[in-house]
Amino acid sequence: MLVYTVRRIIGAIPVLILASILTFVMIDVSGDPLAEVRMAQPPPSPEVLQQAEERLYLDRSMPERYWLWVTGIGGNGDIGLLQGEFGPSTQGPQYDIGSNIAERLWTTLRLIGAAMVFALGLAIISGVISALRQYSKLDYTLTFVGFLALAMPTFWFAGIMQAAGVKFNQLVGEQVFATIGDGRFRAQGEPLWDQFLNAFAHMALPTIVLMLISFASWSRYQRTSMLEVMNSDYVRLARAKGLRNHTVIRRHALRTALIPLTTVVAIGIAGIIDGAILTEVVFQWRGLGDFFITAVDNNDSYALMGWLLLSGVVVILANLIADLLYAVLDPRIRYE
Amino acid sequence: MFKRRKSLALAAAATSAVLVASGCSGGGGGEDEGGSKEVTWVINSLPGAWQATSLAGGSVYVIQMLSGILPYTGQWQPDATYEYNMDVLAEEPTLVNEDPDEGPFEWSITLADDAVWSDGEPMTGEDLRVTWMLGTNPEEGYCAGCDPRASTSNDKVESVEVDGKTATFQLKEGLADPEWMGLFDAHSQSGGFYPAHLAEENGWDVDNPDELGEFYAWLHAERPEWSGGPFQIVDGDLENEVVKERNPNWWGEEAPLDRITMPYNTDEGTFVNAFVNGEIDGANPADYSEDVILQLEDVANAEVTVAEGATWEHIDINLNNEQLADVELRRAIFTAIDRDDIANRNFGAGYPDYELKNNHVFGGDSPYYVDHFEGESQGTGDIDEATSILEDAGYELDGDTLTLDGEEIGPFRLRSTDSTVRNTSVQLIQSQLAEIGITANIEMTDDLGGMLSEKEYDIVQFGWSGSPYFTGNANQFWHSESGSNFGGYSNDEVDELAEKAINASDLDSAAEFTNEAMEIIVPEAYVLPIMAEPNYFFANSDRLVNVHDNLQSSYRATYNIGEWDIAG
């Protein structure tokens, strides 16, 4: 397994390099990082603009800039992935891309982590129930809820949830749910319970939005997978041996039925990051999604590259973990 | 079955307990806790840095974030009058010599005796001198690595003499500055002035350019623990919000509020829910949003005002296009464009009191306003008049196509950024030009600056942002050597007037030169102003007192933050 893991990681490096070259070129040709500054009124002096161009390495050719971004050789010490530097930002010399990504990763993980855990749990439960009660009223209801959640655009659904949160608050006469921000400065120094309540107030609505988006597709996969397994020969054999239904489902059917979902969830991590972009914007969380939008707004090439690199690594790692989980879930698979 | 019901009941009880308990916590911002007076006021974007002098920090959001922190010498009031900050000044600044022919243009500023920074150190003329040096172009040799966003006024200064609380400024030989009083006011590139003694405390020699550069970087990178205003920042960052409390060493009248939280909110779509939910008390967004305005107008405790903002939309023609070099064609194009239709479709619902902009530089409330479009057909949408202009100039219609000597006129590239307002506008312009036989192909761009500087347009709509300080506008918009004169207009007389305006000795003369330049520009049909984009402001009228918008200032509603109070 270790050899397989190392081989997969090494195999991912050329993929990452190729992806980074493509994205670097696309970002580079998409516009002038200093366009907004040049349009400022009154305009900055030519010397200041030249200084800004030099700071952002815009006085170098595109291939040179890519080489700099990877190696940092010939740079000013603020660029070079191999040296742990993500490059200068159009958002000013004081803006450190690396530390911003690290800080915002934590914010996004808080959001995504909770949403994924709840979404996965709900998806498995509802998928299994739907499969076991196929064509029942419960199955139809869960199917309807699933398709409804699938059909709703994230930004719209997020807006609806905000409005619902406000209505609920008005109904109970208290501010149970907050609609904007992660509230990080609101309960500092307060007792632990107050900090928990503050976190709950700010996390609840965005978590529900992200959760339902993922839950919708995952529960469909789980239902289909479960139905397939329930109709397989070995499940019939288990039943014929006289095992209790509960045992058949839990120990024989569910474990196998989880394998396809593992793949879907791994791929879905990329999707949930995309979903987080809109969710973070609507709920004003300063996570990686907001980092991405801010970088686009500011034509911040190196910040965008940092974000894309991180996304690429996350997707590759998630797929690797999915492959490794196959071995755990399916005894027939061995990586040797 | 019993077990399942029991589980569900437990889950419901736990959820209810959390909901009820969190309800007891008092919720988010905007609530008074323990009798303290607190306000939550939104800043409509992320501030790029902790100070506003640099390229990254040069935005109204940084200025608003620093409201109540940064001391300044004066600012324009909502009624377009200028008021010196007599908390900070001992007396109104004195103009020592206003005629550069008789010696250097010179003025002096004296700070109030009791004016101190939040650490108790007195404010001195040295603070002004260092702030001036921090805002100069690096080529001037005072500050290495500094990247001031607008150093023109600072670069005019030759020397600064400091004597305790007084600083005396002399301009370079032959130069004058009609906006001299604004070097350290709320509208300057720094938005005020900085505490020079902190450079020394950190071990930097301000007369060493490299070390002053380090001080500059430090000011922009570090959250200010210092203050020279009624509040000081006690918490926050550049990503989420800042929290301000009273400055204990503020020598002026004590601010009524105990605490102000300023969250950065980039999505106007969230304003209504957050306001109704009591999470925010108000905002003065930078952009117009009809949806938000109409929704807020339905909220009982929301005071909403909409008025002309600083940014004005205009249509420019690229004179580098051979066909468009003909002034009669340009006049016909501008005559066919119906400004009122454009303004009404874009802003009529949220701001029915809109007014068309008939002066490129001065707003209707300015004492220098002159209507330069009176009697002009440009912008009226008068197709008959446009057709007549074209016929007189020898143009003919070949079917639906305008021609000159048998050659088709156009098609032209009609460009703008893809905002809702401009999208609507260019579609209207396209259909209006079609009526005089001109095809305009709409092309949107994400890179306005690049498109303009590369002159990749024939007709373009974009916006300039105005300010009560105007003396550099004519120079920037129309001087033949200006990098912002994108369409390539060139007129020696206008160049001369623009130079005179920027070097006039007082605002009245500068305004006169600027208006004279406009008199020449308008018949040339080079730039057609449409209207100033409205800005809106909303505040919780049940809670807040003394809070209103100031569209003359980058601080907007926060311009008098030290006077904000809670009702009752």
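Residues numbered from 1 in each chain as written. Chains lettered and ligands numbered in written order. Predicted model: local features only at pLDDT ≥ 70, side-chain atom pairs only at ≥ 80, totals over all residues.

Within chain B, the regular secondary structure consists of 16 helices and 21 strands. In terms of overall dimensions, chain B has a C-alpha envelope of 90 × 80 × 40 Å along the principal axes. A buried classification covers 52% of the 568 residues belonging to chain B. Long-range pairs, those at least 24 residues apart, make up 67% of the contacts in chain B with a sequence separation of at least 6. (Helix = DSSP H or I, 4+ residues; strand = E, 2+ residues; numbered from the N terminus. Buried ≥ 20, exposed ≤ 12 C-beta atoms within 10 Å, placed from the backbone. Contact = placed C-beta atoms within 7 Å.)

Here the focus is the nonpolar core. A:V209, A:L210, A:W307 and B:A517 are the most contacted members of the largest nonpolar core, which totals 220 residues. Viewed by domain, this core spans two of them, domain 1 (2-21 + 47-233 + 549-557) and domain 2 (309-533) of chain B, each represented by three or more residues. Counting residues in hydrophobic clusters, the runner-up holds five residues, among them B:V88, B:L111, B:W117 and B:M123. (Core = buried A, V, L, I, M, F, W, Y, C linked by C-beta atoms within 7 Å. Domains from an automatic or database assignment.)

All right, on to the interface of chain A and chain B then. Contacts between chain A and chain B engage 48 residues on the former and 57 residues on the latter. Where the side of chain A that touches chain B is concerned, the elements lending two or more residues are α2 (35-38), α3 (46-55), α7 (154-172), α8 (192-230) and α10 (245-283) of chain A. Per-element tally for the side of chain A that touches chain B: the top contributor is α7(A), with six residues. Its residues placed into classes, the side of chain A that touches chain B shows 22 nonpolar, 17 polar and nine charged. (Nonpolar A, V, L, I, M, F, W, Y, C, P; charged D, E, K, R; others polar.)

So, on to the pairing of strand β1 (residues 38-42) of chain B. Residue and element names in this part refer to chain B. In terms of burial, β1 is a largely internal element, five of the five residues being buried. By the bridge criterion, three bridges tie β1 to strand β10 (residues 259-263) in an arrangement that is parallel. Looking across to β10, one finds that V39 is bridged to I260. (Pairing = 2+ DSSP bridges.)

Residues and elements named next belong to chain B. The residue S67 is located in the loop between α2 (60-65) and β2 (74-76) in this model. We classify S67 as buried; it has 29 C-beta atoms within 10 Å. Sequence spacing of S67 and A434 is 367 residues, and the spatial spacing of their C-alpha atoms is 49 Å. Setting aside residues no more than four positions away along its own chain, S67 makes contact with Y555, T558 and I561.

This next bit is on the sheet that holds strand β12 (residues 302-317) of chain B. All names here are of chain B. With respect to topology, ten strands assemble into an open sheet ordered β8-β9-β10-β1-β11-β19-β12-β18-β16-β17, the strand pairing being mixed. Of all strands in the sheet, those with a lone pairing partner are β8 (231-236) and β17 (440-445), marking the two edges. Packing against the sheet, helix α8 (residues 290-297) makes contact with β12 and β19 (527-540), and its axis sits at approximately 165° to β12. (Axes fitted to C-alpha atoms, helices over the stretch in contact; angles between N-to-C directions.)

Time to look at the confidence of the model for chain B. Residues and elements named next belong to chain B. Overall, the predicted model of chain B reaches an average pLDDT of 91, with 94% of residues at or above 70. Mean pLDDT values over the elements of chain B span from 42, in helix α1 (residues 2-24), up to 98, in helix α3 (residues 125-134). Scored as a whole, the predicted complex attains pTM 0.88, and scored at its interfaces, ipTM 0.87. (pLDDT = per-residue confidence, 0-100.)

Before going further, it helps to spend a moment on the sheet that holds strand β6 (residues 157-163) of chain B. Residues and elements named next belong to chain B. Taking strand neighbours across the sheet as the criterion, the four strands line up as β4-β5-β7-β6 in an open arrangement whose pairing is antiparallel. Where the open sheet ends on each side, the last strands, each with one partner, are β4 (94-97) and β6. With direction set aside, neighbouring strand axes in the sheet form an average angle of 20°. Bridge count for β4 against strand β5 (residues 106-110) is three bridges, and the pairing is antiparallel. Each bridged residue has a counterpart across the sheet, and for L95 the counterpart in β5 is W107. Of the strands in this sheet, β5, β6 and β7 (166-171) touch α3, which is tilted by about 160° from β6.

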